[in-house]
Amino acid sequence: MVIDGIRELFEPSGPVQIRRMFGAHGIFRDGRMIALEDGGMIWLKADDVSQVDFVAAGSRPFEYEKKSGSITVMSYWLLPEAAHNDPDVMRDWVILAERAAQRTATATAISARKLAGSRVKATKSKTIAKP
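None of these values were measured; they are calculated from a predicted model. (Residues numbered from 1 in each chain as written. Predicted model: local features only at pLDDT ≥ 70, side-chain atom pairs only at ≥ 80, totals over all residues. Heavy atoms only, no water.)

Trainee: Explain helix 1 (residues 3–10) to me, using residue names and the numbers behind them.
Mentor: All of the buried residues in helix 1 are Ile6, Leu9 and Phe10. Buried residues of helix 1, seen end-on, are gathered within an arc of 90° and therefore sit on one face of the element. Residues of helix 1 that are exposed and point over 90 degrees away from its buried face: Asp4 and Glu8. (Buried < 20%, exposed > 50% of the residue type's maximum accessible area, 1.4 Å probe, protein only. Helix = DSSP H or I, 4+ residues; strand = E, 2+ residues; numbered from the N terminus. Arc of directions from axis to C-beta.)

What follows is the structure in structure tokens.
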């Protein structure tokens, strides 16, 4: 899928930024990756909350095989076929992906703050032996 085709598909939900990534394309909105294009297929960001909707639509997660032979499953799910032909349906799926990306970003920020806080506490609690 060429970049113009990606833009056209996402147009009902607003503008996106597209970046080449590892032979594929990352699709971004507001600095967050909301989708991935690989081999002409679109995969939308999902999380524990939205994954149920993807399963119900008969979608599947993006997987790839590493050089070691192990399979990695990512948090991107195949865009349901109905979204390709209906701008309203596409917009709804993109909103789901945006919300998943937002929740993921929020959870990551909270985890980072907690980790940073625990490091500060550990540093402050060190005792220094006096000679």
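Trainee: Go over the nonpolar core with me, naming the residues and quoting the values.
Mentor: Counting 20 residues, the largest nonpolar core has Phe10, Ile27, Ile34, Ile42, Leu44 and Leu79 as the members making the most contacts within it. Mapped onto this core, the elements with two or more residues apiece are helix 1, strand 3 (32–38), strand 4 (41–45) and helix 4 (87–124). Top contributing element to this core by residue count: helix 4, with five residues. Counting eight residues, the second largest nonpolar core, distinct from the first, contains Ala24, Phe28, Leu36 and Trp43. (Core = buried A, V, L, I, M, F, W, Y, C linked by side-chain atoms within 4.5 Å.)

Trainee: Could you give an account of the sheet that holds strand 3, with specific residues and numbers?
Mentor: Spatially, the six strands line up as an open sheet ordered 1-2-3-4-6-5, and their pairing is antiparallel. At either end of the open sheet lies a strand with only one pairing partner, and these are strand 1 (17–21) and strand 5 (61–65). For this sheet the average axis-to-axis angle between neighbouring strands, irrespective of direction, equals 40°. Helix 1 rests against strand 1, strand 2 (24–29), strand 3 and strand 4 of the sheet, and its axis sits at about 35° to strand 2. (Pairing = 2+ DSSP bridges. Axes fitted to C-alpha atoms, helices over the stretch in contact; angles between N-to-C directions. Contact = heavy atoms within 4.5 Å.)

Trainee: Could you give an account of the packing of aromatic side chains, with specific residues and numbers?
Mentor: If you walk through the whole model with that rule in mind, you get four aromatic pairs. Aromatic pair tryptophan 43 and phenylalanine 62: ring centres 5.1 Å apart, planes at 75°, arrangement edge-to-face. With tryptophan 43 in strand 4 and phenylalanine 62 in strand 5, this residue pair connects regions lying 19 residues apart in the sequence. Each member of the pair tryptophan 43 and phenylalanine 62 is classed as buried. Pairing phenylalanine 54 with tryptophan 93 gives two aromatic rings, centres 4.8 Å apart and planes at 50°, and the pair type is tilted. Of this pair, phenylalanine 54 sits in helix 2 (residues 51–56) while tryptophan 93 is found in helix 4, placing the two residues 39 residues apart along the sequence. A relative accessible area of 0% places phenylalanine 54 in the buried class. (Phe/Tyr/Trp six-rings, centres within 6.5 Å; stacked < 30°, edge-to-face > 60°.)

Trainee: Run through the pairing of strand 2, naming residues and quoting values.
Mentor: With six of six residues buried, strand 2 lies mostly within the body of the structure. Every second residue of strand 2 is oriented toward a common face, with Ala24, Gly26 and Phe28 on one face and His25, Ile27 and Arg29 on the other, all of them buried. Here strand 1 runs beside strand 2; their pairing, made up of five bridges, is antiparallel. Within the sheet, the bridge partner assigned to arginine 20 lies in strand 2 and is histidine 25. Hairpin connection between strand 1 and strand 2: a loop of two residues separates the two successive antiparallel strands, and phenylalanine 22 in this loop has a positive phi of roughly 50°. Two elements, strand 2 and strand 3, share five bridges in a ladder whose sense is antiparallel. In the sheet register, phenylalanine 28 faces strand 3, and the bridge partner there is methionine 33.

Trainee: Please provide a residue-by-residue account of the pattern of salt bridges, values included.
Mentor: Side chains bearing opposite charge may pair, as long as their charged atoms lie close to each other. Applying the stated criterion to the full structure yields three salt bridges. Note that glutamate 98 is salt-bridged to arginine 29, the shortest N-O span being 2.3 Å. Taken together, the residues glutamate 98 in helix 4 and arginine 29 in strand 2 connect sequence positions 69 residues apart. Taking the relative accessible area as the measure of exposure, arginine 29 reaches 9% and is therefore buried. A salt bridge links arginine 91 to aspartate 88, with the shortest nitrogen-to-oxygen separation between them at 3.0 Å. With a gap of three residues between them, arginine 91 and aspartate 88 both fall in helix 4, about one helical turn apart. The partly exposed category is assigned to arginine 91, whose relative accessible area is 31%. The exposure class assigned to aspartate 88 is partly exposed, which follows from its relative accessible area of 44%. (Salt bridge = Lys/Arg side-chain N within 4 Å of Asp/Glu carboxyl O.)

Bear in mind that shape data such as this cannot, by itself, settle questions of function.
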